[in-house]
Amino acid sequence: MTELNESYDVVVIGGGAAGLNGALMLVRQRRSVLVIDAGAPRNAPADGVHGLLGREGMPPLELVALGREEVRGYGGHVVTGEVVAVDRVGDSATGAGPSSEVPGNDDASREFRVELADGRAVFARRILVTTGLADELPPIAGLRERWGHDVLHCPYCHGWEVRDQRVAILATGPMATHQALLFTQLTDDIVFLSHTAAPGDEDAEKLAAQGIRVIDGEVVEVLTDDGKLSGVRLADGTVIDRDAVVVGPRFSTRATFLADLGLTPEPHPSGMGDHIPADPTGRTAVPGVWIAGNATDPMAQVGAAAAAGAMAGAQINADLVMTATSAAVDRLRASESAAVR
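None of these values were measured; they are calculated from a predicted model.

Draft legend 1. Quick peek at the environment of Ala-117. Along the chain, Ala-117 falls in the loop between strand E5 (112-116) and strand E6 (121-129). On the basis of relative accessible area, Ala-117 is assigned to the exposed category, the value being 52%. The sequence separation of Ala-117 and Cys-157 amounts to 40 residues, and the corresponding C-alpha distance is 33 Å. Setting aside residues no more than four positions away along its own chain, Ala-117 makes contact with Glu-82 and Val-84.

Here it is in structure tokens:
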């Protein structure tokens, strides 16, 4: 088991692209940083990361391994673990630079207490949450097993890999028609499986205009042949031959441990799940807590999540600098006042 410091400037909860990039920004500013990662990235089933300049097609776990190595190269700590609680324990009375290098600054690193499932606990001045989300798929036999391969949801993440193939859109919510229309750029063979979300008149017109056939009936099974998706079976026994199925999962934020701080998931405007709101820099409604990546922006791809993590990391560092400066000004004024007396 990795030995942890008692306290850190920043604890990053979640070790994907957003968390590691945020940590990288912070350790390069000489901040003491701990990244806690549960080791279950959302994109683990995928063969590769796409749309990320300079890393196109890289396996997701390889990307994470490289990020961990970079953070550790600057002195950051990265451990595998699950956070079960984050509690506020005091106010930050910070000083300049890393807390471990500021004499008499023990209280400055004890604004939050972060507890892990294995019983370990650390203190932090600031928290960056980058735990991402979980994809809740419809309870259809065989669907989960092909998720991230030939069962997919995003044309930008996996569309190229199913170009010119026979694609089915599995309608489960209000974004299904939008998904279907985006895939028309990638293939001419698309069917729309109404399943539990039949299109309204306006959407049906759009689908018809793009040559997308609507097939009614509940989907009960995803079929495979020789380890590849081969089609779907409807409740009436009809089999629709397909090479890929597009489905919109419900997004569920993995950050329930923030509830005691007053941060609870709220419905996302897309109607596809929940998120924890934050401003464009990642600052939440709770002072000292930032959030980045899919936990607040379910639509963010890897590049966007990494950029959001970098932004949050920079903002956290600036916040610590400004807090330190304010404390230094107070000390200066107090010493000048004492000298006058």
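Draft legend 2. Spatial organisation of the packing of helix H1 (residues 17-27) against helix H6 (residues 302-340). Axis separation between H1 and H6 bottoms out at 7 Å; the angle between their running directions is 35 degrees. Along this stretch, H1 crosses H6, giving a crossing that reads as right-handed. Contact residues: Ala-17, Ala-18, Asn-21, Gly-22, Met-25 and Leu-26 in H1; Val-302, Ala-305, Ala-306, Ala-307, Gly-309, Ala-310, Gly-313, Ala-314, Ile-316 and Asn-317 in H6. Considered class by class, the residues forming the contact of H1 with H6 number eleven nonpolar, five polar and no charged.

Draft legend 3. View of the pattern of salt bridges. Under the counting rule described, the total for this entry stands at 15 salt bridges. Of the charged contacts, one joins Arg-126 and Asp-319 as a salt bridge, the two residues approaching to 2.7 Å between their closest N and O atoms. Linking Arg-126 in strand E6 with Asp-319 in helix H6, this pair joins segments that are 193 residues apart in sequence. No difference in accessibility class separates Arg-126 from Asp-319, as the two residues are buried. Here Arg-242 makes a salt bridge to Asp-189, at a shortest N to O gap of 3.1 Å. Taken together, the residues Arg-242 in the loop between strand E14 (239-241) and strand E15 (244-247) and Asp-189 in the loop between helix H4 (176-182) and strand E10 (190-193) connect sequence positions 53 residues apart. On the basis of relative accessibility, which here comes to 31%, the residue Asp-189 falls in the partly exposed class. Bridged by salt links that share partners, the residues Arg-88, Glu-111, Arg-126 and Asp-319 form one connected network.

Draft legend 4. Layout of the side chain of Arg-146. Mapped onto the elements, Arg-146 comes out in the loop between strand E7 (133-136) and strand E8 (151-152). The class of Arg-146 is buried, set by a relative accessible area of 17%. Looking at Arg-146, its side chain comes within polar contact range of the main-chain oxygen of Gly-227, at 3.3 Å.

Draft legend 5. Representation of the nonpolar core in the model. Counting residues in each nonpolar core, the largest one holds 26 residues, and the members touching the most others are Val-11, Val-86, Val-114 and Ile-127. Ranked by residue count, the leading element in this core is E6, at four residues. Core analysis: the next-biggest nonpolar cluster, separate from the first, contains 20 residues, Ala-18, Leu-20, Leu-128 and Leu-320 among them.

Draft legend 6. Representation of the sheet that holds E14 in the model. Read across the sheet, three strands follow the order E12-E13-E14 without closing on themselves; strand pairing throughout is antiparallel. If you trace the sheet from one side to the other, it starts and ends with strand E12 (219-225) and E14, each paired once. Geometrically, the sheet is characterised by an average inter-axis angle of 30 degrees between neighbouring strands, direction not taken into account. Sheet topology places E12 next to strand E13 (residues 228-234); six bridges connect them, and they run antiparallel. When the sheet's bridge partners are listed, Glu-221 is paired in E13 with Arg-233.

Draft legend 7. How the structure looks around the state of the cysteines. A full pass over the atoms with the stated rule returns zero disulfides. Counting only cysteine sulfurs, Cys-154 is the nearest neighbor of Cys-157, a cysteine outside any disulfide, at a range of 3.1 Å.

Draft legend 8. Structural context of the pairing of E6. Of all nine residues in E6, eight are buried; the element is thus mostly enclosed. Sheet analysis places strand E1 (residues 7-13) next to E6, joined by six bridges and oriented parallel. Each residue of the ladder has a partner; that of Ser-7, found in E6, is Phe-123. Bridge count between E5 and E6: four bridges; the pairing is antiparallel. Of the residues in E6, the one forming a bridge with Phe-112 is Ala-124. Linking two consecutive strands that pair antiparallel, namely E5 and E6, is a turn of four residues; a positive phi of about 100 degrees is found at Gly-119 within it.

Draft legend 9. Quick peek at the sheet that holds E8. Pairing in this open sheet of five strands is parallel, and the strands run E8-E15-E9-E10-E11 from one edge to the other. Where the open sheet ends on each side, the last strands, each with one partner, are E8 and strand E11 (213-215). Pairing geometry for strand E9 (residues 167-170) and E15, over four bridges, is parallel. Paired with Ile-169 across the strands is Val-246, a residue of E15.

Draft legend 10. View of the environment of Val-83. With respect to the secondary-structure elements, Val-83 resides in strand E4 (residues 83-88). A relative accessible area of 9% means that Val-83 is categorised as buried. Each C-alpha atom, one on Val-83 and one on Leu-258, is 9.9 Å from the other, the two residues being 175 residues apart in sequence. For Val-83, the contacting residues outside a window of four places in its chain are Ile-13, Ile-36, Val-114, Glu-115, Leu-116 and Phe-257.

Rules behind the numbers
Residues numbered from 1 in each chain as written. Predicted model: local features only at pLDDT ≥ 70, side-chain atom pairs only at ≥ 80, totals over all residues. Heavy atoms only, no water. Helix = DSSP H or I, 4+ residues; strand = E, 2+ residues; numbered from the N terminus. Buried < 20%, exposed > 50% of the residue type's maximum accessible area, 1.4 Å probe, protein only. Contact = heavy atoms within 4.5 Å. Axes fitted to C-alpha atoms, helices over the stretch in contact; angles between N-to-C directions. Left-handed = near helix turned anticlockwise from the far one by under 90°. Nonpolar A, V, L, I, M, F, W, Y, C, P; charged D, E, K, R; others polar. Salt bridge = Lys/Arg side-chain N within 4 Å of Asp/Glu carboxyl O. Polar contact = N/O pair within 3.5 Å; in protein donor to acceptor, adjacent residues only side chain to side chain. Core = buried A, V, L, I, M, F, W, Y, C linked by side-chain atoms within 4.5 Å. Pairing = 2+ DSSP bridges. Disulfide = S-S within 2.5 Å.

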